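One-letter residues, chain by chain:
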Amino acid sequence: MVDLSVRLGDLELQNPVIPASGTFGFGYEFAEIYDINILGGISIKGTTREPRFGNPTPRIAECTSGLINSIGLQNPGIDKVISEELPKLRACYKNPIIANIGGFSIEEYAETCQKIDGEDQVEIIEVNVSCPNVEKENFAESPELVAEVTKAVKRVTTKPVFIKLSPSVTNIVEIAKACEDAGADGISLINTLLGMRIDLKTKKPVINNIKGGFSGPAILPVALRMVYEVYEAVDIPIMGIGGVSSAEDVIEMMLAGASAVQVGAANLVEPYACKNIIEELPEVMKRYNIDSLKNIIGGAH
Ligand code: SIN
């Protein structure tokens, strides 16, 4: 018997596999196709203080080994998420829920997190400072700003706070350290890389907003490198995200230093992606002589 369980701060997860925010709705939609209680956790659709319609379409472009999105934080707003979406998820799911919070100002992040703090249904707050598809201050690119957001959120909640970082920075270690020093309980990385495509027929950008966030298998090496670097520099847990689509990728991400692993774009291509990965993990662990996933975190260092 192999042991898939991991610890994420004070939380025990039955396995490290977590659908990434924005690729799995509010979770309950997937309960129609499989038992979502097999998941280690769920990071729900990113939520802002006010409802948002999102960016104009087209906002998806397919690419070799991935896709570009420019959704623009479409969501029903925090009040509706609390009153309607979270209860629907809790009705069919008992494992940890990660609320992903977006924002346009430090005050907005704090206000939205304060509302979520009152929800017993949520175990972790993931603060998304790194959406590449909306106009706002570049919180994820400045150690000072990211520290300010972290402190503001920590002031209003006792729940563990993970800051979701952008790969579009020169020094990811400096940014992650700033989060840790400001009191973050963990780091989620990476968000998407900014990219674009051009339609050869129209000779114009495919995405209405011109650019968007690139994700999918092509970004796994970038994510691994950043998780590896950040693991060396911080003592708080890391949720590794970026291009993960197989059990082997999960193990690679954990060897780099991730305590848990989010699966994103793969869910959009294959709705059973997380289920398949969880089912394949024991066999792949045996193949590589791994008894317990807890024991391999950071093993590549
Ligand atoms: C979006 O809503 O545009 C995607 C969210 C993100 O990449 O942070």
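Data block above holds the structure.
Thresholds applied
- Residues numbered from 1 in each chain as written.
- Predicted model: local features only at pLDDT ≥ 70, side-chain atom pairs only at ≥ 80, totals over all residues.
- Heavy atoms only, no water.
- Near = heavy atom within 4 Å.
- Polar contact = N/O pair within 3.5 Å; in protein donor to acceptor, adjacent residues only side chain to side chain.
- Areas by Shrake-Rupley, 256 points an atom, 1.4 Å probe, with all protein chains shown as cover.
- 1 Å grid on protein atoms, 1.4 Å probe; cavity = no way out; pocket = protein on both sides within 12 Å on 5 of 7 lines; lining within 4 Å.
- Sits in = over half its atoms within 2 Å of the grid points.
- Nonpolar A, V, L, I, M, F, W, Y, C, P; charged D, E, K, R; others polar.
- Phe/Tyr/Trp six-rings, centres within 6.5 Å; stacked < 30°, edge-to-face > 60°.
- Buried < 20%, exposed > 50% of the residue type's maximum accessible area, 1.4 Å probe, protein only.
- Salt bridge = Lys/Arg side-chain N within 4 Å of Asp/Glu carboxyl O.
- Helix = DSSP H or I, 4+ residues; strand = E, 2+ residues; numbered from the N terminus.
- Points joined across faces, edges and corners; volume = space filled by probe spheres on them.
- Contact = heavy atoms within 4.5 Å.
- Patch = residues over 30% accessible without salt bridge, like charges linked within 9 Å, V, L, I, M, F, W, Y side chains within 5 Å.
- Lys, Arg positive; Asp, Glu negative; His and termini not counted.
- Charge placed at Lys NZ, Arg CZ, Asp CG, Glu CD.
- Pairing = 2+ DSSP bridges.
- Axes fitted to C-alpha atoms, helices over the stretch in contact; angles between N-to-C directions.
- Right-handed = clockwise from strand over helix to strand, strands pointing away.
- Core = buried A, V, L, I, M, F, W, Y, C linked by side-chain atoms within 4.5 Å.

*Asks:* What exactly am I supposed to notice about the site of the ligand here?
*Replies:* All residues adjacent to the ligand are N69, I71, G72, L73, N128, C131, P132, N133, N191 and T192. Within the contact set of the ligand, an oxygen atom lies 2.7 Å away from a backbone nitrogen or oxygen of G72. The side chain of N191 places a nitrogen or oxygen atom 3.0 Å from an oxygen atom of the ligand. Compared with its free state, where it exposes 260 Å², the ligand has 88% of that area covered by protein. If you map the ligand onto the pockets, it falls in the largest pocket. Of the residues that constitute the shell around the ligand, the class distribution is 4 nonpolar, 6 polar and no charged.

*Asks:* Explain the packing of aromatic side chains here, please?
*Replies:* Centre distance and the angle of the planes are the two values used to describe a pair of aromatic rings. In this structure the tally under the stated criterion is 3 aromatic pairs. Both rings, one in F24 and one in F30, keep their centres 3.8 Å apart while their planes meet at 15 degrees; by these two values the pair is stacked. Since its relative accessible area comes to 0%, F24 is described here as buried.

*Asks:* Sorry if this is basic, but what is going on with the pattern of salt bridges here?
*Replies:* Side-chain pairs of opposite charge can arise whenever the charged atoms involved come near each other. Taken as a whole and judged by the stated rule, the model has 12 salt bridges. Put simply, R49 and E111 hold a salt bridge, and the shortest N to O gap is 3.1 Å. You can see R49 sitting in the loop between β4 (42-43) and β5 (60-63) and its partner E111 sitting in helix α2 (residues 106-117), a full 62 residues away along the chain. Look at E111 and you get partly exposed, because its relative accessible area is 35%. The partner of K154 in a salt bridge is D185, and the shortest N-O contact between them spans 2.8 Å. Of the two residues, K154 is situated in helix α3 (residues 143-156) and D185 in the loop between α4 (172-181) and β10 (186-189); the sequence distance between them amounts to 31 residues.

*Asks:* Would you mind showing me how to read the layout of surface pockets here?
*Replies:* To find the voids left in a structure, one rolls a probe of water-molecule size over its atoms. In this structure, the largest pocket spans a volume of roughly 700 Å³. What lines the largest pocket is a set of 41 residues, among which S21, G22, T23, N69 and T192 lie closest to the centre. With 4 residues, the single largest contributor to the lining of the largest pocket is helix α7 (residues 265-269). Here the lining of the largest pocket is composed, by residue class, of 16 nonpolar, 22 polar and 3 charged. Considered as a void within the structure, the second largest pocket measures approximately 400 Å³ in volume.

*Asks:* Whenever I open this one, the side chain of T47 confuses me. Can you help?
*Replies:* The residue T47 is located in the loop between β4 and β5 in this model. With relative accessibility at 1%, the residue T47 sits in the buried group. Contact partners of T47, with chain neighbours within four places excluded, come to F26, N75, G77, I78, V81, N100, I101, G102 and T112.

*Asks:* I'm lost on a negative patch on the surface in this one. Help?
*Replies:* Taken together, the side chains of E137, E144, E148 and E174 present a region of like negative charge at the surface. Mapped onto the elements of the fold, E137 is located in the loop between β8 (124-128) and α3.

*Asks:* Sorry, what's going on with the sheet that holds strand β11 (residues 193-195) here?
*Replies:* Backbone hydrogen bonds hold the strands of a sheet together, and the pairing may be parallel or antiparallel. Strand order in the open sheet made by the 4 strands is β5-β6-β14-β11, with antiparallel pairing throughout. Edge positions in the open sheet fall to β5 and β11, since each of these has one partner strand only. Put simply, the sheet's adjacent strands are angled 35 degrees from each other on average, direction ignored. Sheet topology note: the β5/strand β6 (residues 66-69) ladder contains 4 bridges and is antiparallel. Opposite A61, over in β6, you have I68 as the bridge partner.

*Asks:* Sorry if this is basic, but what is going on with the pairing of β10 here?
*Replies:* As a general feature of sheets, a regular strand has side chains that alternate between the two faces. Side chains G186 and S188 project from β10 onto one buried face, and the interleaved I187 and L189 project onto a second face that is buried too. Pairing geometry for strand β9 (residues 161-164) and β10, over 3 bridges, is parallel. Looking at the pairing, K164 lines up with S188 of β10. With α4 bridging β9 and the parallel β10, this β-α-β connection has right-handed handedness.

*Asks:* Mind showing me how you'd approach the nonpolar core here?
*Replies:* Soluble globular proteins: nonpolar side chains tend toward being buried together. With 96 residues, the main nonpolar core has V127, V129, L165, L189 and L293 as its most contacted residues. The residues touching L189, leaving out its near neighbours within four places in the chain, are L165, I172, M226, V227, V230, I238, M239, G240 and I241.

*Asks:* Quick question: what am I supposed to make of the environment of T150 here?
*Replies:* By the element assignment, T150 lies in helix α3. Sequence-wise, T150 and I106 are 44 residues apart; in three dimensions their C-alpha atoms are separated by 9.0 Å.

*Asks:* Which parts of the structure should I look at to understand the pairing of strand β16 (residues 260-263)?
*Replies:* Burial along β16 is two-sided: the residues A260 and Q262 and V261 and V263 are all buried. Of the strand pairs in this sheet, strand β15 (residues 238-241) and β16 are connected by 3 bridges, and their pairing is parallel. Within β16, the residue paired with G240 across the bridge is V261. For the crossover from β15 across helix α6 (residues 247-256) to β16, the handedness is right-handed.

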